[in-house]
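Results of the structural survey
Chain by chain, the residues run as shown.
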Amino acid sequence: MSEILNLTVETNSARLAESINRANAWFEAHDLSERIVYLANLVLEEVLTNINKYAFDDDEIHDVEVRLRHEQGQLLIEFKDDGKEFNPLLSPPPDPNRSLDRSEAGGLGIHLVRKLADTVEYQREQGKNVLRVRISLGDA
Amino acid sequence: MDITLNKSGQLAIVLVGGRMDTLSAPEFEKKMQEWIGQGETRFVVDFHNLDYISSAGLRSLMVVAKDARARGGELVCCALKGVVKQVFDVSGFSALLPVYGSMDDATKGG
């Protein structure tokens with residue numbers, strides 16, 4: 001089983017499920033723990049949903065390149081899209097003092113990724129948004 | 001995902017199982033709105049069979065909790081486990097919604 005899985009994900013939700021299924025088959029082959037598989041699923045779902053919502057102004061279907069890499073005690077998940085420049089790390093975290101009546105329904109996904117992954121880095125590289133998320137396998 | 005309703009007096013006990021994600025959260029919301037439409041407002045959602053929840057699942061829970069509250073009711077959660085519990089904690093949902101360790105505690109407190 002390869003240490004790297006490359007996926008090209010179209011920006012619509014039917015393809016999202018198919019890609020997550022392929023990723024899960026790869027996680028299983030790498031014998032990753034239930035906790036790591038959960039976190040990786042969350043990163044894939046939240047980041048791809050975020051790209052669908054914010055990266056493109058048109059209604060066309062775009063490709064997002066996703067690369068999963070199992071290396072040196074960590075799982076690296078890399079996303080590349082050619083949408084408009086958008087650094088999700090600049091989004092403000094949810095207000096901790098909100099109440100149920102006043103809280104906004106959105107904006108949580110990236111917050112969850114930042115809190116639960118070990119590192120999240122954003123770069124604009126050659127006209128593409130590149131997001132690299134690392135999950136340590138240490139406590140697996 | 002699996003969603004089952006059981007009545008216990010005035011309480012609507014909702015057992016959820018499997019995954020509550022972008023694809024399945026609308027199904028959860030639709031079912032819950034149906035039950036609210038039938039007059040249910042006091043919900044205890046039992047998470048002990050739920051394997052996965054993402055922000056889409058949390059958003060649906062919030063929509064339903066607000067609807068129940070607007071009708072004078074409440075939605076409480078119980079039996080969260082593993083990363084599902086951690087997602088509730090880091091998202092702040094553990095402070096936004098009443099969360100109990102077990103069904104027994106939830107039905108006494110709710």
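Let me begin by describing the structure that accompanies this report. Keep in mind that this is a model prediction, so the values were computed, not measured.

The rules behind each value
- Residues numbered from 1 in each chain as written.
- Chains lettered and ligands numbered in written order.
- Predicted model: local features only at pLDDT ≥ 70, side-chain atom pairs only at ≥ 80, totals over all residues.
- Heavy atoms only, no water.
- Disulfide = S-S within 2.5 Å.
- Buried < 20%, exposed > 50% of the residue type's maximum accessible area, 1.4 Å probe, protein only.
- Contact = heavy atoms within 4.5 Å.
- Buried area = accessible area lost by both parts, 1.4 Å probe.
- Polar contact = N/O pair within 3.5 Å; in protein donor to acceptor, adjacent residues only side chain to side chain.
- Helix = DSSP H or I, 4+ residues; strand = E, 2+ residues; numbered from the N terminus.
- Phe/Tyr/Trp six-rings, centres within 6.5 Å; stacked < 30°, edge-to-face > 60°.
- Lys NZ or Arg CZ within 6 Å of the ring centre and 35° of its normal.
- Salt bridge = Lys/Arg side-chain N within 4 Å of Asp/Glu carboxyl O.

**Overview of the state of the cysteines**
Residues and elements named next belong to chain B. In total, this model carries zero disulfides over all chains according to the counting rule given. Sulfur of Cys77: no disulfide; nearest cysteine sulfur belongs to Cys78 and is 7.9 Å away. A relative accessible area of 0% places Cys77 in the buried class. Taking the relative accessible area as the measure of exposure, Cys78 reaches 0% and is therefore buried.

**Quick word on the interface of chain A and chain B**
The interface is formed by 28 residues belonging to chain A together with 26 residues belonging to chain B. Interface area for chain A against chain B, summed over the two sides, is near 2200 Å², with a carbon-plus-sulfur share of 61%. If you look at where chain A meets chain B, you find 10 residue pairs in polar contact (both at pLDDT 80 or more). Secondary structure elements with two or more residues in the side of chain A that touches chain B: helix H1 (13–29), helix H2 (34–54) and helix H3 (109–116) of chain A. Take the side of chain A that touches chain B: its biggest share by element is nine residues, from H2(A).

**Here we look at the packing of aromatic side chains**
A complete count under the given rule lists five aromatic pairs over all chains for this structure. Centroid distance Tyr54(A) to Phe86(A): 5.3 Å. Interplanar angle 25 degrees. Geometry classified as stacked. One end of the pair, Tyr54(A), is in helix H2; the other, Phe86(A), is in the loop between strand E3 (74–81) and H3, and 32 residues separate them in sequence. A residue is classified by how much of its surface remains accessible, and Tyr54(A), at 37% relative accessible area, is partly exposed. On the basis of an interplanar angle of 80 degrees and a centroid distance of 6.2 Å, the ring pair of Phe88(B) and Phe93(B) is categorised as edge-to-face. Taking the relative accessible area as the measure of exposure, Phe93(B) reaches 1% and is therefore buried. Among the aromatic residues, those joined into a cluster by ring pairs are Phe47(B), Phe88(B) and Phe93(B). Taking NZ or CZ as reference, Arg19(B) lies 4.1 Å from the ring centre of Tyr52(B), over its face.

**Some words on the pattern of salt bridges**
All names here are of chain A. Taken as a whole and judged by the stated rule, the model has 10 salt bridges over all chains. Residues Arg132 and Glu125 are paired through a salt bridge, measuring 3.3 Å at the closest nitrogen-oxygen approach. Among the ionic contacts, a cluster of salt bridges with common partners joins Glu78, Glu125 and Arg132.

Scope: geometric values only; no functional claims are made or implied.
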